[in-house]
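# Examination of the molecular architecture
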Amino acid sequence: MAHQFTTSYIEDSLAILRQYRHHGERALAQVADGDLLRTIDGEANSIAIIVKHMAGNMRSRWTDFLTSDGEKANRNRDSEFEDPPATREALMAMWNEGWDLVFSAIQPLTDADITRTVTIRGEPHSVMQAITRQIAHYAGHVFQIVLLAKHFRGEAWTSLSIPRNRSQEFNQKVAAGEASQR
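Bear in mind that the values here come from a model prediction, so they are computed numbers and not experimental data.

### Let's talk about unusual backbone geometry
Of note, the phi angle at D83 is positive, near 45 degrees, even though the residue is not glycine. Among the secondary structure elements, D83 is positioned in the loop between α2 (47-62) and α3 (88-106). On the accessibility criterion, D83 (65% relative accessible area) is exposed.

### As for the pairing of strand β2 (residues 123-126)
Here four bridges tie strand β1 (residues 117-120) to β2, and the two strands are oriented antiparallel to one another. Across the sheet, residue T119 finds its bridge partner in β2, namely P124. Linkage of β1 to β2, two consecutive antiparallel strands, is achieved through a turn of two residues, within which R121 is found at a positive phi near 55 degrees.

### Describing the pattern of salt bridges
With the rule as written, the count across this model stands at 11 salt bridges. Among the ionic pairs, R75 bridges to E71, the shortest N-O distance being 3.0 Å. When its relative accessible area of 13% is taken as the criterion, R75 is described as buried. For E169, the salt bridge is made with K173, and the minimal N-O distance between the two is 3.6 Å.

The rules behind these values
Residues numbered from 1 in each chain as written. Predicted model: local features only at pLDDT ≥ 70, side-chain atom pairs only at ≥ 80, totals over all residues. Heavy atoms only, no water. Helix = DSSP H or I, 4+ residues; strand = E, 2+ residues; numbered from the N terminus. Buried < 20%, exposed > 50% of the residue type's maximum accessible area, 1.4 Å probe, protein only. Pairing = 2+ DSSP bridges. Salt bridge = Lys/Arg side-chain N within 4 Å of Asp/Glu carboxyl O.

Right under this line is the structure:
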């Protein structure tokens, strides 16, 4: 997706969230099915657990976003770190359902909505604060997925951004309108 100049917080937030989703999906596509459940040590989360946690967070935060607390009473956060989805298909269904909730909650908003108040765990946040909080949260987890995927793929990894030793070439493509920073 090409970078689009905007002064709209909502438009830019959506673009950034789409970018993170895309990075996550490109990383997930490079991982062997067995590596989705693999951990790097006893305290680490697998990619499947990270996806399950993200989906649980997305369900809680974005369901009835403007009208109910972002930490839903029926969410069991601790269970998000147990019993990962057993198949890639189940994992991707969880991933897609979560992202669909994010976009269906944010897309109808306008910049006039960013000063409205929502709550998360009973604490008031402006809509802008709540969106920014979730962008940061999802970025952290997407790049955990990217790091694990890159680790598992090793030298077979395909870069998601600018490959090593190709910065000048990439900058020339951006200047020529052949590539984008996003």
